[in-house]
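Now for the letters of each chain:
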Amino acid sequence: MKSAALALEMHNITKTFPGVLALDDVSFGCARGEVHALCGENGAGKSTLIKILGGAYQPDAGTIRIDGRDVAFSHPVAARKAGISIIHQELSLLPFRTVAENIFLGIEPTRYGALDRRRMRVESERLLRRLGSSITPEALAGDLSIAQQQIVEIAKAFAIEARILVMDEPTAALDRADASRLLDLVRRLSSEGVSIVYISHRMPEIQAVADRVTVLKDGRAVMTAPLAEAPTSRLIHAMVGRDLAEFYPPRSSRPPGAEALVIRAASSRHLRGVDLAVRAGEIVGVAGLEGSGKNDLARAISGDEPFETGTMEVDGRTVVARSPRAAIGAGLGRLSDDRKREGLLMQQSLRDNAALTLRAFAGLLRSPTAEPMSSAATDRRLKQLDVRAASFEQEVRLLSGGNQQRVIIARWLARDLEVLIFSEPTRGIDVAAKAAIYRIMRDLADRGRAILMISSDLPEIVGVSDRIIVMREGAVAGELPGGASEEDVMALAVEQGQSPHALLQ
Amino acid sequence: MSVADVSKPAGTAWRGLNAPLMVLVGSVALYVGVALWTGQTKMLETDGILGLLQRMVALGIVALGQTFTILAGSIDLSVANLISVAAVLASFIMQGRTEMMLPAVGVVLVVSAIVGVVNGALISWLQVNPLIATLGVGLILQGMLSASFTDFAGSVPREFQAVAYGSFGVVPYSVAALFVLAAVASIVLRATRFGAHLYAVGGNAEGARLAGIRTDLVTIGAHVVCSLAAGVTGLYLASRLRSGAPWIGRDGVYDLESIAVVVIGGTLLAGGRGGVWGTLAGVLLFASLDAAFNMMGVSAYPKLVLRGAIVIAAVAVYTVRTRGHVA
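What you see is a predicted model; the values in this text were computed from it and never measured.

A. Layout of the nonpolar core. Grouped together as the largest cluster of nonpolar side chains are 185 residues, with contacts concentrated most on Val 419, Met 441 and Val 489 of chain A together with Ile 83 and Ala 90 of chain B. With 14 residues, helix H10 (residues 215-241) of chain B is the single largest residue contributor to this core. Shared between two domains, this core takes at least three residues from each, and those domains are domain 2 (245-331 + 418-504) and domain 3 (346-416) of chain A. Leave out the neighbours within four places in its chain, and Met 441 of chain A touches Ile 283, Phe 422, Pro 425, Ile 451, Met 453 and Val 464 of chain A. Counting residues in each nonpolar core, the second largest holds 71 residues, with Ala 7, Ala 44, Ala 162 and Ala 238 of chain A among its members.

As structure tokens, then:
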């Protein structure tokens, strides 16, 4: 079925944002009827590439060709007109409108100036049948299952006669049966000549559906190969491939100190009977799949969604952390996994951001020189952490992810807390900055703090932790020594029968 | 580290100090320009300028309060109604008697503070959207007031009229009070824990909460400040009009105008950035506009059009400036 003409060509695309080189000379193509898988770690540049293809961003350099003709999209509408349709991970249907209204959103057919509802219904019906679905056009989109909503999104793409379909982790929210039905549909669409860019972390899916694979890493296309030459092991190596020994700081040779944090039989809505202990000077990694409770654990310890039963001790003192404020008062700090939403005051200065925790506990009046408000002390901490910025008065939103994370670390170092919880400490941060964050964490541990690192990044868990706690279904599934293999962690994290590759997402 | 770690903050300076300054310069230029153009140089002498400043007092005080709610990421639509309540309550309790001045002022301030606590509690504890919460409270206040009073109620004694008409030498008490209040507000924002928390909550409420700030108390505090400011404005208007009527707040459009001048002064409507000096500059701009139209002898309606245009232009300019390079 494959024709020689490339439906889509992207040549030498480069894109920079303040703080990051998001794409560096990336070329990517997709033939008619080809399924081209695009994979890479978070932050590798996949979404930037897709946003450029979809017209949401303009590249700094490079060209895009559709069916051999040069195009430049200044706006998403232009890309749609050129036959490109992107189905995002978060579906965008209007829940209180019907399926037909959603499919024809923005391209509603009219008759004598009035909405032609009959045609919308009939056409929707036809599109849905073509996709092998029995959804009725009159149903409300919000009443459909996620899998059905996905079908509607695809129907939406065909309503504008899309010839290039980009699917961003389409099976992420689907159960296994629905996922395999979707993969069947992808194969069928490609056999009808639709070009499909398929973004996924799931290796078995890529093996099942792709004709070709491109791996992005740190903004570069490090590998493009036909599927036959891209076994899973090679893909993973291309995605992760780096010299791990240099990347992670050496573990401390000193034995850890006394138990700084002890949790016994603690439960909450999402957690069941958690027992764990972290010693001063130790980095304990917490791994687990999405929904395993590892993030709930961080929230519970830090008082955001407190434990309902069980006990918690910090340095031997019993602690009841009913709120973040109470937890901080007891010596427990948490760096959120969502820097933007739960961390930074984006439009305020580095200083204001770094002084936040200190100010939360300041006396009623602040004098310009007294510690809680002093910018001298804040500046010292920012310098210690090697924050790079034009000025500490600069707005924090203009910094790179790595520097933003350092500002937040500075915030937490302002109070001398016994236990620091790092949730996804390197999410969305480039590689060089990752290594720096690891060094900072190790340094903090060496200075006697107890560190709990919650992470979905398996190499990070294995590379950084002194001990690894694996969670599953809200409980501690097991514990492993530092340096355990990724496979060991996976074995504990997955339920029986679940693909170990799910962990890679 | 990669390329743009030391990227220049695009136009940051504009919004910090310079937004108020721009508005200030614009206002002065407008006022002086129109005075010279119409040949009313008398308006540039002490009396004329004091007259201009006196125009600022009522809106200025409410707007100082509104600055606090907006900085905290909230907003208060009940101020106009609370001003009416305060003015009527003051003159009704005083009934022209000197000895009732202090009790009346006390009652007004207590009532205002309670309204502030109610607004803040609705927003932070019951999680009602600030627009809806304060709109609702405002309607309730207006309803209770209009049910009880239909016209000017009571009167204020001569001594209380000094609030609006008395002066230190040439400087009216009211003008002095406005600037003293602004200075106090500025110090509170800059040099107290409450001020720092206010900016933090407005900048990222969830981030502030997780850093240990009691965001609910901060929101309530901001609303108490705002309601107290509205109460004081009500007292001032009662003094100026010699009595209080249930429509004076609404007639002054203090709710929307106070929001408008805060925004013109460069405070982000989303909260977290800005300050009281910008707000005062915004108030001065509106006062200059009034004065300019008076000098030109033009009817008041084109003025409204111009005010609207200025608010929109100001927000558009700030937004474009803010966007910078970050998508």
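B. Expanded view of the environment of Tyr 31 of chain B. Residues and elements named next belong to chain B. Turning to its location among the elements, Tyr 31 is positioned in helix H1 (residues 12-37). When the 24 C-beta atoms within 10 Å are taken as the criterion, Tyr 31 is described as buried. Residues Tyr 31 and Gly 308, spaced 277 residues apart in sequence, show a C-alpha to C-alpha distance of 18 Å. When near neighbours in sequence (up to four residues on either side) are disregarded, Tyr 31 contacts Leu 52, Ser 288, Ala 291 and Ala 292.

C. Inspection of the confidence of the model for chain B at higher detail. All names here are of chain B. Scored by pLDDT, chain B comes out at a mean of 90, with 93% of its residues at no less than 70. Confidence drops under a pLDDT of 50 for residues 1-17, and excluding neighbours within four residues, the segment shows 42 contacts in the predicted structure. Across the whole predicted complex the pTM is 0.77, and at the interface the ipTM reaches 0.78.

D. Summary view of the sheet that holds strand S16 (residues 309-314) of chain A. All names here are of chain A. Strand order in the open sheet formed by four strands is S14-S13-S16-S17, with antiparallel pairing between adjacent strands. Edge positions in the sheet fall to strand S14 (274-279) and strand S17 (317-318), since each has one partner strand and no second. Alignment of strand S13 (residues 259-267) against S16, held across five bridges, turns out to be antiparallel. Opposite Arg 264, over in S16, you have Thr 311 as the bridge partner.

E. Highlighting the packing of helix H8 (residues 193-203) of chain B against H10 of chain B. All names here are of chain B. Close contact between H8 and H10 brings their axes to 10 Å; oriented N to C, the two are set at 105 degrees. Judged on the interaxial angle alone, H10 and H8 are roughly perpendicular. Contacts from Phe 194, His 197, Leu 198 and Val 201 in H8 reach Thr 215, Val 218, Thr 219, Gly 221 and Ala 222 in H10. Residues belonging to the contact of H8 with H10 are distributed by class as follows: five nonpolar, four polar and no charged.

F. Looking closely at the sheet that holds strand S4 (residues 61-66) of chain A. Residue and element names in this part refer to chain A. Taken in spatial order, the four strands make up an open sheet running S2-S1-S4-S5, and their pairing is antiparallel. Only two strands of the sheet have a single partner each, and these edge strands are strand S2 (20-31) and strand S5 (69-71). Along the sheet, successive strands turn relative to each other by an average axial angle of 25 degrees, direction set aside.

G. Structural view of the pairing of strand S22 (residues 475-481) of chain A. All names here are of chain A. Where strand S21 (residues 467-472) meets S22, six bridges bridge the pair, whose relative direction is antiparallel. Bridge assignment links Arg 467 to a residue of S22, and that residue is Pro 481. Between S21 and S22, which pair antiparallel one after the other, the connecting turn spans two residues, and Glu 473 there sits at a positive phi close to 50 degrees.

H. Here's a closer look at helix H16 (residues 401-413) of chain A. For H16 of chain A, with 13 residues, the first-to-last C-alpha span of 18 Å sits near the 18 Å given by 1.5 Å per residue. The buried count for H16 of chain A comes to 13 of 13 residues, which makes it a mostly enclosed element.

Cut-offs applied
- Residues numbered from 1 in each chain as written.
- Chains lettered and ligands numbered in written order.
- Predicted model: local features only at pLDDT ≥ 70, side-chain atom pairs only at ≥ 80, totals over all residues.
- Core = buried A, V, L, I, M, F, W, Y, C linked by C-beta atoms within 7 Å.
- Buried ≥ 20, exposed ≤ 12 C-beta atoms within 10 Å, placed from the backbone.
- Helix = DSSP H or I, 4+ residues; strand = E, 2+ residues; numbered from the N terminus.
- Domains from an automatic or database assignment.
- Contact = placed C-beta atoms within 7 Å.
- pLDDT = per-residue confidence, 0-100.
- Pairing = 2+ DSSP bridges.
- Axes fitted to C-alpha atoms, helices over the stretch in contact; angles between N-to-C directions.
- Parallel < 35°, antiparallel > 145°, perpendicular 65-115°, else oblique.
- Nonpolar A, V, L, I, M, F, W, Y, C, P; charged D, E, K, R; others polar.
- Expected span 1.5 Å × (residues − 1).

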